[in-house]
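A closer look at the structure
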Amino acid sequence: MIDIKKELNDKQSEAAAIADGPQLIIAGAGSGKTRMITYKMAHMIECLGIDAKNILALTFTNKAAAEMKDRIRHLIGDKAKPLTVSTFHAFGLQLIRRYHDILGYSARFSIYDPDDTQTAMKEAAEELHIPCETVNWFEIRELFSSVKTGRTAPLSDSHPYKEWYDFYNRRLKAFNAVDFDDLLAVPLKLLTENEEVLSACRHRYRYILVDEFQDTSTIQYRIVRILAEEHRNLCVVGDDDQSIYSWRGADYQNIVSFEKDFPERKEIKLEQNYRSTKNILDAANHVIAHNHNRKDKKLWTGGESGRHIELFYPADETAEAAFIASTIHSLRFDHHLKYRDFAILVRTNTLCTPLEEELLSNNIPYSVSGGTSFFQRKEIKDIIAYMKVVVNPDDEINLLRIINTPRRGLGVKSVEKVRQFAGSHHCSLYTAMCKIAVSQDRETVFPKVVGDAIEDFVRIIESYREKFDDPKTKVSAALSSLLEELFYYAFIMNEYKNNEKLIKFKFGNVTKFLEMIRRWESDPEREITTLSGFLNRITLITDSNTDSDKEDKVNLMTIHASKGLEFNVVFLAGIEEEIIPHKRSLEENPENIEEERRLFYVAITRARRHIIMTSCAKRKRSHVWISAQPSPFLKEIPEELIVYHDPQKKAEEFDPMALLANLKKTLSTS
DNA sequence: GCCCCCGCCACGCGT
DNA sequence: TGGCGGGGGC
């Protein structure tokens, strides 16, 4: 039986014991929040007899959802299975799938990632003859997204992009596709407009928990509110100091809204930190104290003061990477640490490259999370596009992606003709291709080679639909055979013939993808059983190695991706002006300094025992060396908490001979 | 239609 | 660093 009094401290168990009614739990960094939540759910199921399927836990990242599921399974085993633990987007996906009939989507709808989304916007603009050479795509995406998620008022009829926006959405619907914002907007609309669905959902999800509440966007809060309004069993857990996603629409004013919408709420603060040493916590507290406009709280720990924070000044990013790699080696040796005890955190993905190279050449196993996703690689996207078209032939964006990849003589001119054909027959592009393929007199419109290419393409898609649908054929087997039929490997070899390394890399990616599919289809516990479901799932996932977390590897990631995680030793690389706080962030709005500071705070509070920061003297940016200054945030940490390592001395410290001598001395004394 | 080369741009965080 | 769109030769 779960005994929360025994397993948790007073505040935690107080928070964990309540199931009914609204609750606001302000949980500081490292205060055992995830532990509290998992025990809370276990307690609800085991001790209060609440049916697990009535509990909905919403998290911010896939990683957090996976970890929460894992931990609760540890506590109560299979009884955790009926729980819904997912990200907001995955939850939205689930609702769209469940109610696709009502919503007017076929069961095999596609999800468009931001790349596909932009392509679809471009296509829409072209069809409307909107000149888009000069448009700022960043702005358009932002505009469309904020309209859809209700951050901006609906476009007025006179708005220059109103027609474009509406047309884009009509096209998506015709493609039987949704974009990321639809995953939230469509379910919210459904819940708002369809009382039956709403009451079914309210009945099903009678207890709702929201983790990382400070990072929910307005539309996400609306979804939660409409679900919880009646039964009011809503527990939100958050920390305003760790709000780092405002650029994505996160609005920690949601905490204020929650207080207003649920005035009878109970409020509990978790302020005891179990993660970090006193020095690390002191540093974090001093930094965050520079922010105004925060809920008053002060993290404390009963633990030891621990080591000082160390600060090094490498000459450039190569020296920085070399220093980090060699320090990992020596610390691992000296303190009997595992690779997985280390994390290297950076502000931006681009900072990863030199670090990766150095780790690779030092044979240090590492895993990168976030960044340019595995699934964004061209070769993987192409393969996925084939499967998406097989599953959903109305998916025009993916159809256009593969119609001439590998090249089969269907260039821009031919595609344009097919489109005209589709237009005059009022059918989708793929239906048009099917019609052309079986048409007797197609040569009056299309040259023979083009007609034959279309016929061949349609034949491939149709025959693989059968194969992929056939329960006796494994998806991986069908895919391997498809790749052979397409001469896909030869295509890659030809495409990159002057770069053998790149070919190898791309082949490796394809192999990895096939393995991933094999792992999925042979997993007896898998929750997703259809290919369509699998494809939609991976569109929402950023990193491929979700189950390699337990492997012994150094963790390399952005600070954003590190939220919710903890490590014994944390390297903070590139702690420089213009990187953190980031130049562009401040250019956008000087007030963003507070969010940048929270980011730095999150970075510091990831560490249990040891923080090593580096600030380079110069750094290469787009081919030119620029000199770099230490981050102004460093001044916000009391000097006595830091050991400043002089750049001159550093050379001696990492002299290999001196290191060896030191090593010998250590060995002889022990 | 396809291939190849050139020059331009951007390089903040992610579901 | 690499991804792209445009232009010219085949």
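Our structure's up above, just so we're on the same page.
Residues numbered from 1 in each chain as written. Chains lettered and ligands numbered in written order. Predicted model: local features only at pLDDT ≥ 70, side-chain atom pairs only at ≥ 80, totals over all residues. Heavy atoms only, no water.

This part is about the overall build of chain A. Each helix and strand counted, chain A has 30 helices and 17 strands in total. Compactness check: chain A gives a C-alpha radius of gyration of 27 Å against a globular reference of 26 Å for 670 residues, within 12% of the reference. By principal-axis analysis of the C-alpha atoms, chain A measures approximately 90 × 65 × 55 Å. Buried positions account for 53% of the 670 residues belonging to chain A. Averaging the coordinates of the 93 positive side-chain charges in chain A and doing the same for the 101 negative ones gives two points 2 Å apart. (Helix = DSSP H or I, 4+ residues; strand = E, 2+ residues; numbered from the N terminus. Rg over C-alpha atoms; globule rule 2.2 N^0.38 Å. Buried < 20%, exposed > 50% of the residue type's maximum accessible area, 1.4 Å probe, protein only. Lys, Arg positive; Asp, Glu negative; His and termini not counted. Charge placed at Lys NZ, Arg CZ, Asp CG, Glu CD.)

Looking now at the nonpolar core. In this structure, Phe375, Met433, Phe468, Leu479 and Phe513 are the most contacted members of the largest nonpolar core, which totals 59 residues. Every residue in contact with Leu479, bar those within four places of it in the chain, is listed here: Ile383, Met387, Phe468, Phe513, Leu514 and Ile517. (Core = buried A, V, L, I, M, F, W, Y, C linked by side-chain atoms within 4.5 Å. Contact = heavy atoms within 4.5 Å.)

Any two side chains of opposite charge can pair, so long as their charged atoms come close to each other. This structure, assessed with the given rule, holds 52 salt bridges. The shortest N-O distance in the salt bridge between Asp116 and Lys381 comes to 2.7 Å. Of this pair, Asp116 sits in helix α7 (residues 114-127) while Lys381 sits in helix α17 (residues 378-391), and the two are 265 residues apart along the sequence. On the basis of relative accessibility, which here comes to 6%, the residue Lys381 falls in the buried class. Glu455 is the partner of Arg442 in a salt bridge, and the nearest nitrogen-oxygen pair spans 2.9 Å. With a gap of 13 residues between them, Arg442 in the loop between α20 (429-438) and α21 (448-469) and Glu455 in helix α21 connect regions that are remote in the sequence. Relative accessible area serves as the criterion here: at 11%, Arg442 is assigned to the buried category. Glu455 gets classed as partly exposed once you look at its relative accessible area, which sits at 37%. Overlapping salt bridges, with partners in common, bring together Lys33, Asp211, Glu212, Asp215 and Lys563 in one network. (Salt bridge = Lys/Arg side-chain N within 4 Å of Asp/Glu carboxyl O.)

One way to put it is that α21 packs onto helix α22 (residues 475-485) with a least axis distance of 10 Å and a crossing angle of 160°. The pairing of α21 with α22 is recorded here as roughly antiparallel in orientation. Where α21 crosses over α22, the two elements pack in a sense that is right-handed. In this structure, α21 contributes Arg459, Ile460, Tyr464, Lys467 and Phe468 to the contact, and α22 contributes Val475, Ala478, Leu479, Ser481, Leu482 and Glu485. (Axes fitted to C-alpha atoms, helices over the stretch in contact; angles between N-to-C directions. Parallel < 35°, antiparallel > 145°, perpendicular 65-115°, else oblique. Left-handed = near helix turned anticlockwise from the far one by under 90°.)

A word on the packing of aromatic side chains. One pass over the full model with this rule turns up 19 aromatic pairs. Measuring from centroid to centroid gives 6.3 Å for Tyr464 and Phe468, while their planes differ by 50°, and the two rings are tilted. Of this pair, Tyr464 and Phe468 both sit in helix α21, separated by four residues, roughly a single helical turn. Judged by centre distance (5.0 Å) and plane angle (90°), the rings of Tyr489 and Phe507 are edge-to-face. Pair noted here: Tyr489 is in helix α23 (residues 488-495) and Phe507 is in helix α24 (residues 500-521), with a separation of 18 residues, a long-range link. Given a relative accessible area of 22%, Phe507 falls into the partly exposed group. Taken together, the ring pairs in this structure connect Phe144, Tyr161, Trp164, Tyr165 and Tyr168 into an aromatic cluster. Over the ring of Tyr105 we find Lys173, and its NZ or CZ is 4.8 Å from the ring centre. One cation-aromatic arrangement involves Lys618 over Trp625; the distance from NZ or CZ to the ring centre is 4.8 Å. (Phe/Tyr/Trp six-rings, centres within 6.5 Å; stacked < 30°, edge-to-face > 60°. Lys NZ or Arg CZ within 6 Å of the ring centre and 35° of its normal.)

Geometry only, nothing functional implied.
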